[in-house]
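Report on the structure
Each chain is listed here by its residues.
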Amino acid sequence: MVTAVPERTETGGRPGSPAPRGNPGRRNTAVLVGFTAATNLADGVMKMALPLLAARLTDSPAQVTAVSLTLTAPWLLIALHIGVLVDRFDRRRLLWAANGMRLAAMGWLTAAAVTGGVTLGQLFAAGAILGVADVLASTSASALVPAAVPAAGRERANAWIVAAETVGQEFAGPFVGGLLLAAGTGLALGVISASYAVAALSLLLLVGRFRAAGPAPGAAPASVNGRIAEGLRFLWRDQVLRTLSLVVAVLAAVWGAWLALMPLHAQQAMELGPRQYGIVLSALGVGGLAGAVAVTWVNRLLGARWAMFADLLGTAAMAALPALTTSLWAVAAGAFLGGMGGTLWTVNARTLTQRLVPDEMLGRFGAAARLFTFGAMPLGAALVGLLAELIGTRPAFGAFAVAAAATLVPFLRNITPAALRSHQEPSARPSGTAP
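Residues numbered from 1 in each chain as written. Predicted model: local features only at pLDDT ≥ 70, side-chain atom pairs only at ≥ 80, totals over all residues. Heavy atoms only, no water.

1. Here's the deal with the side chain of R91
Relative to the helices and strands, R91 resides in helix α4 (residues 91-115). In this structure the side chain of R91 is engaged in a polar contact, spanning 2.8 Å, whose partner is the backbone oxygen of D359. (Helix = DSSP H or I, 4+ residues; strand = E, 2+ residues; numbered from the N terminus. Polar contact = N/O pair within 3.5 Å; in protein donor to acceptor, adjacent residues only side chain to side chain.)

2. With respect to the environment of A66
Within the fold, A66 resides in helix α2 (residues 61-77). Put simply, A66 and F124 are 58 residues apart on the chain and 7.9 Å apart in space, counted from C-alpha to C-alpha.

3. Quick look at the pattern of salt bridges
This model, assessed by the stated rule, comprises seven salt bridges. Among the ionic pairs, D134 bridges to R102, the shortest N-O distance being 3.8 Å. With D134 in helix α5 (residues 120-148) and R102 in helix α4, this pair connects stretches of sequence that are 32 residues apart. R102 shares its class with D134; the two are buried. Residue R364 pairs with E230 through a salt bridge whose shortest N-O separation is 2.7 Å. One end of the pair, R364, is in helix α13 (residues 362-391); the other, E230, is in helix α8 (residues 224-237), and 134 residues separate them in sequence. Each member of the salt-bridge network shares a partner with another, and the members are D87, R91, E230, D359 and R364. (Salt bridge = Lys/Arg side-chain N within 4 Å of Asp/Glu carboxyl O. Buried < 20%, exposed > 50% of the residue type's maximum accessible area, 1.4 Å probe, protein only.)

4. Brief notes about α4
A rise of 1.5 Å per residue sets the reference length of α4, with its 25 residues, at 36 Å; its end C-alpha atoms lie 36 Å apart and thus fit the reference within 8%. Of all the residues in α4, the buried ones are R91, R92, L94, L95, A98, N99, R102, A105, M106, L109, T110 and A112. Considering only its buried residues, α4 is in contact with α1 (24-57), α3 (79-86), α5, α7 (185-202) and α13. Among the residues of α4, the N-terminal cap falls to D90, whose side-chain oxygen and the backbone nitrogen of R92 are separated by 2.9 Å. Looking one or two residues beyond α4, the residue adopting positive phi is G117, at roughly 110 degrees. (Expected span 1.5 Å × (residues − 1). Contact = heavy atoms within 4.5 Å.)

Okay, here's the thing in structure tokens:
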């Protein structure tokens, strides 16, 4: 299948569609940020509530962690197939479908909590539904941005979206979740449902058309596996996209290792109490929020390439400082740098790939790229646990710091100004091909 990629208009819609009145890009940005804030607040509450509810029902660590696993396992199991759906159907309708699944699962749990109590089996089933909905919503929302926001406004839109994700997932969600669960299980689950409902209604305010460009007239329809393979080939054959995906897989493994080992390291090696450990985790979130606020200024000062490079340094520092010192403030500073760098990378990587990837490939590419990320995090967590058993927690952190530092060379070698300039006009490329 070889088709020309339609040029995106400055209104954020498709060529040939009526020009909306006013400033649709600004309006769509506000809607997407609001949608992201509401859903991530609900996700933050839910990801705290479900494991805690499971802990009330069983003393088995395996069963409690399995409930958490149901929320993330779909990324490894069905993300590529979801990417095909996102490239075939209207992306706003898929967001509605995802939120409908969320509402159904939460409504079921809320009714159970009010009438007789939630069972462990219901938590497993609801977690699986919510996990699938998360894959569908995240992939659809990311692929929808180029059609909703003109190119000139995407960096700012992505920055605000990432800020909303950070606040919802790392600050407001867990805090609100703790308060709501203390007030009652039914209330907590009901608030999650209400947040998803508000988010779904906000999508009515989006202006534009959000279905991906289809295949060329007369082209034979490809199978699902064929379309998945097409997306993977597109990612792998493009040097810039391939390098970004491999680098972020290593960085995600470092993050997975840090998050998995830090609780034990903080307790045993650093001798921190819960409040002091909270400072370290808060520094991670504050850094992420600072990166979202500062990304436009940093890009203007350094350029997107060096802003992304800063994440490699920040992630290496985040892993290296626990290996070098047990100082609370030094480790918290490393967490801040890691969080800030992670946001600088995320905003710029999204903006870059939204420019480089053809519209009809955005779903499959986004799903494949996230598969690298979400697949690497549990691998990093498993590997750091093994290393810590063999050589101790501080050397284990050091090993992952070296892994993060090792990404500097391929990044500088392949993500060059010349390579980025060669990608400035994706609309001139046929879909399914690499430059």
